[in-house]
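What follows is the residue order along each chain.
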Amino acid sequence: MNYDVVSFVLAFAAAARSFAPEVWFLVRRLLGAGVRVGASALLAQQPQPPATPTHSALLDEGGPR
């Protein structure tokens, strides 16, 4: 193993160690955003319950008084 490879590995290890907290912070933010987008997409796909007539609509249609 020559010295260029060793110095590259040491430089890469130092860079990875110094930037690791920022990388994990960004990964957590991206995962959180993905969960929010996925949850909103699932909520948008849910079928809407049928509308129940209101009391005033029953009175207008000759329903119970």
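The structure contained in this document is the topic of the report that follows. Model, not experiment: these values are computed from the prediction. (Residues numbered from 1 in each chain as written. Predicted model: local features only at pLDDT ≥ 70, side-chain atom pairs only at ≥ 80, totals over all residues. Heavy atoms only, no water.)

**Remarks on the environment of Asn2**
Piece 1. Assignment of secondary structure puts Asn2 in the segment before helix 1 (3-45).
Piece 2. Engagement of the side chain of Asn2 in a polar contact is seen with the backbone nitrogen of Asp4, the distance being 3.3 Å. (Helix = DSSP H or I, 4+ residues; strand = E, 2+ residues; numbered from the N terminus. Polar contact = N/O pair within 3.5 Å; in protein donor to acceptor, adjacent residues only side chain to side chain.)

**Some thoughts on helix 1**
Piece 1. Relative to the 63 Å expected for 43 residues at 1.5 Å per residue, helix 1 spans 58 Å between its end C-alpha atoms, a close match to the ideal helical length.
Piece 2. Residue Phe19 marks the point of greatest curvature in helix 1, where the axis turns by about 50°; the proline Pro21 follows within four residues.
Piece 3. One side-chain oxygen at the N-terminal end of helix 1 lies 3.3 Å from the backbone nitrogen of Asp4; it belongs to Asn2. (Expected span 1.5 Å × (residues − 1). Bend = angle between axes of the 7 residues up to and from the residue.)

**Topic: a nonpolar patch on the surface**
Piece 1. Taken together, the side chains of Phe19, Val23, Trp24, Val27 and Leu31 present a nonpolar region at the surface, about 530 Å² in accessible area.
Piece 2. For Phe19, a relative accessible area of 52% corresponds to the exposed category. (Patch = residues over 30% accessible without salt bridge, like charges linked within 9 Å, V, L, I, M, F, W, Y side chains within 5 Å. Areas by Shrake-Rupley, 256 points an atom, 1.4 Å probe, with all protein chains shown as cover. Salt bridge = Lys/Arg side-chain N within 4 Å of Asp/Glu carboxyl O. Buried < 20%, exposed > 50% of the residue type's maximum accessible area, 1.4 Å probe, protein only.)

**Considerations on the packing of aromatic side chains**
Piece 1. The final tally for this structure, using the stated rule, is 1 aromatic pair.
Piece 2. For the pair Phe8 and Phe12, a centre-to-centre distance of 6.4 Å together with 25° between the ring planes defines the contact as stacked. Pair noted here: Phe8 and Phe12 are both in helix 1, with a separation of 4 residues, about one helical turn.
Piece 3. Classification of Phe8 by relative accessible area gives exposed; the value is 57%.
Piece 4. Residue Phe12 is classed as exposed on the basis of its relative accessible area, which comes to 57%. (Phe/Tyr/Trp six-rings, centres within 6.5 Å; stacked < 30°, edge-to-face > 60°.)

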